[in-house]
Every structure is written in C-alpha cells, then in structure tokens.
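Observations on the model geometry
What follows is the residue order along each chain.
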Amino acid sequence: MLKYQTQTDKRGEIEIPVSGIRVTPMDTNELHRWIAATWEERRKTVILGHNLHSLYTWEVNPTFRAFYDKADVVLTDGFPILKMAKWCSGRPLSARRHRIGTMDWLPGLIRSTPVRRVAVIGASPESNAATVALLRAGDPERTVEGWPGEGWNLALEDRIVGTLQEFRPDFVIVGLGMPLQEEFLSRHWEELPTAIYAAVGGVIDQYSGIQKSAPRWLGPLGLEWAYRLATQPRRLGHRYLVEPWILAYLLAAKAVRQGTRGADASS
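Residues numbered from 1 in each chain as written. Predicted model: local features only at pLDDT ≥ 70, side-chain atom pairs only at ≥ 80, totals over all residues. Heavy atoms only, no water.

Labelled according to an unreviewed UniProt entry, the protein chain appears under the name Glycosyl transferase, originating from Kocuria turfanensis.

So this is what it looks like as structure tokens:
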C-alpha cells in the first residue's frame, strides 16, 4: 500500500494494532488533490474506506482482506476507526476533517478534480440515472455514463468489464454494496482498464436523493449509524446491533493469540 504524502504534511498510512488494518486519513481537499495527482500519473488505483462493518468483513472474508491490501487510499469512514487511528498514532486527527465518507467527497469530484470520463456502476436504474445526471450537471464537458447493478450476476459482471474496457474511464464509482463490490474488483482487477476505482457501498442511492442520507453534522459526532438504524432497521439491524459484538470477540481472540505467541517467543 502506497503512502499518501503532500509537500507540507507527510502523514502516510496508519496501522491499527490487533486489527491489522491500515488507513490513510485525509480530508476532502486532500483526497481531491490525491485524485488529481493520480489522474495525471495514469495509474490503476483504488479508494476504499474502513468502518466497523468493513472491519468485520475484513476479519471474516479473505478475498475482501486481500483486496484491501491493494488500496492506495483507505479512508477513515467510521468514527470508531478514526478514534483507533488517532489513539494508536498520536496524530491530531479530527472527526470533522478526517472522518470522511463518500458523501463528503463525491459532490466535489467533478468540480475539484480533472477527471474527464466517469463511470457509475451499481444501484437501481433510477438511482444510477439520477447520479449520472447530477455528475454531468457539474460540468457538461465531462463524460459520465452509468450501468445499474440491479440483478447483479456473473454474466452481467462480465458484460460490465467489457463495457468498461470500451469506455476507458478515468474514474469508476462502484456501488454494489460490501463485500460484493470488492469481490467484483478483486476478481477482475487485472483485466479492468487503468482508472481510479472507488468502492462506495450504497452511496449512489443516497447521492441520487432516492434514499435520504443521514445529516452530515451527525458524522463528526459518530451518530450516522443511529440515523441509518432508525430509518432502515430491518436491513441494518444485524450490521449495527450484532456485528460489533462478533467483531469484539474476534479482535479479543486475536489479541490473546498474539499475546500468547509473543510470550512463547520471549521464553
């Protein structure tokens, strides 16, 4: 994983003990500058984000975990992840600046970066079309095309890869939900065209306005999860009420194993 650095603020990645994950905290402006610089270099890269759900998936899904190791940028999308990164690194990370979800950086993508050709993959036809229209409105000179993810299967997946090879985008927004989007990118990484890929979960529905997103002021307070749980209890109940307890057990068991190995090595 590459380290993100600017001329004035060389921060690089942070590895969070026990969990084994690495994150690259940025604010929205820093991410837009990174996108611009990477676009100039014409490199194939991926932007991911870490929150408690992705950390849980990282622990139980080897394909997902291996793909995260490919990422140049892993944003601190979740409040607990940001707090862990701040605690273990001693860096002055701010929830207002560095707790960054896709809805923080996507609205300024067209305005603040030079990417010319953008692909939007995933969500319903209505959400996808609305998101494409909003991005096009940011600059009519840019080319934005979309392909919904409804009814996703391996045949559709292969067609999307072929379509991307023909379209040759600069930036690809992949909103298939976690871990499907990461598994799709992992399976086809070698054949996908050179571009910046961003896995965005369900944000296409939110950005389009078809699904109401949590108020942005809840993000720095670490309370977006409560809003989502209240508005979508059936879909998100397991994620917010069950997964954290399983994750706590997995991390505690890992800490015990690491402590045992350390004690054996020193004896």
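Moving on from the model shown.
Right, let's talk about helix α2 (residues 52–60) for a bit. The α-helix winds at 3.6 residues per turn, so residues separated by three or four positions along the chain end up facing the same way. Of all 9 residues in α2, 7 are buried, a share of seventy percent or more. Buried within α2 are the following residues: H53, S54, L55, Y56, T57, W58 and E59. Capping of α2 at its N-terminal end is provided by N51; its side-chain oxygen lies 3.1 Å from the backbone amide nitrogen of H53. (Buried < 20%, exposed > 50% of the residue type's maximum accessible area, 1.4 Å probe, protein only. Helix = DSSP H or I, 4+ residues; strand = E, 2+ residues; numbered from the N terminus. Polar contact = N/O pair within 3.5 Å; in protein donor to acceptor, adjacent residues only side chain to side chain.)

This part takes up helix α4 (residues 79–89). Taken as a whole, α4 has its buried residues at I81, L82 and A85. An end-on view of α4 places all buried positions within 100° of arc, on one side of the element. Against β1 (14–15), β2 (22–23), β3 (45–50), α2, β4 (73–76) and α5 (95–98) lie the buried residues of α4. Once α4 finishes, G90 follows within two positions and takes phi at roughly 75°, a positive value. (Arc of directions from axis to C-beta. Contact = heavy atoms within 4.5 Å.)

In this section: the packing of aromatic side chains. Scanning the entire structure with this criterion turns up 6 aromatic pairs. Ring centres of F67 and W189 lie 5.7 Å apart, and the angle between their planes is 75°; this geometry places the pair in the edge-to-face category. Taken as a pair, F67 in helix α3 (residues 62–68) and W189 in the loop between α10 (180–188) and β8 (196–199) lie far apart in primary sequence, 122 residues in all. On the accessibility criterion, F67 (0% relative accessible area) is buried. On the accessibility criterion, W189 (10% relative accessible area) is buried. (Phe/Tyr/Trp six-rings, centres within 6.5 Å; stacked < 30°, edge-to-face > 60°.)

Take a nonpolar patch on the surface next. Residues L241, V242 and I246 make up a contiguous nonpolar surface patch of about 220 Å² in total accessible area. Looking at the secondary structure, you find V242 in helix α13 (residues 233–266). (Patch = residues over 30% accessible without salt bridge, like charges linked within 9 Å, V, L, I, M, F, W, Y side chains within 5 Å. Areas by Shrake-Rupley, 256 points an atom, 1.4 Å probe, with all protein chains shown as cover. Salt bridge = Lys/Arg side-chain N within 4 Å of Asp/Glu carboxyl O.)

Counting 38 residues, the largest nonpolar core has V46, V172, F184, L185 and Y197 as the members making the most contacts within it. At 5 residues, helix α9 (residues 154–167) tops the list of elements feeding residues into this core. Among residues more than four places away in sequence, those in contact with Y197 are K44, T45, V46, I47, V172, L185, W189 and L192. (Core = buried A, V, L, I, M, F, W, Y, C linked by side-chain atoms within 4.5 Å.)

This part takes up the pairing of strand β6 (residues 143–147). In this structure, strand β5 (residues 117–122) lies alongside β6, joined through 5 bridges in parallel fashion. For I121, the partnering residue across the bridge sits in β6 and is W147. Following the chain from β5 across helix α8 (residues 125–138) to the adjacent parallel β6, one finds a crossover that is right-handed. (Pairing = 2+ DSSP bridges. Right-handed = clockwise from strand over helix to strand, strands pointing away.)

Take H50: it is sitting in strand β3. Residue H50 is classed as buried on the basis of its relative accessible area of 1%. In terms of polar contacts, H50 uses its side chain to reach the side chain of S54, at 2.6 Å. Each residue touching H50, except ones within four places of it in the same chain, is listed here: I21, R22, V23, L55, W58, Y68, V74, L75, T76, D77, G78 and I81.

Our focus in this paragraph is the environment of L185. With respect to the helices and strands, L185 occurs in helix α10. Along the backbone, L185 and F67 are 118 residues apart, and their C-alpha atoms lie at a distance of 8.2 Å. Ignoring sequence-local partners within four residues, the contact set of L185 consists of V46, F67, V174, L192 and Y197.

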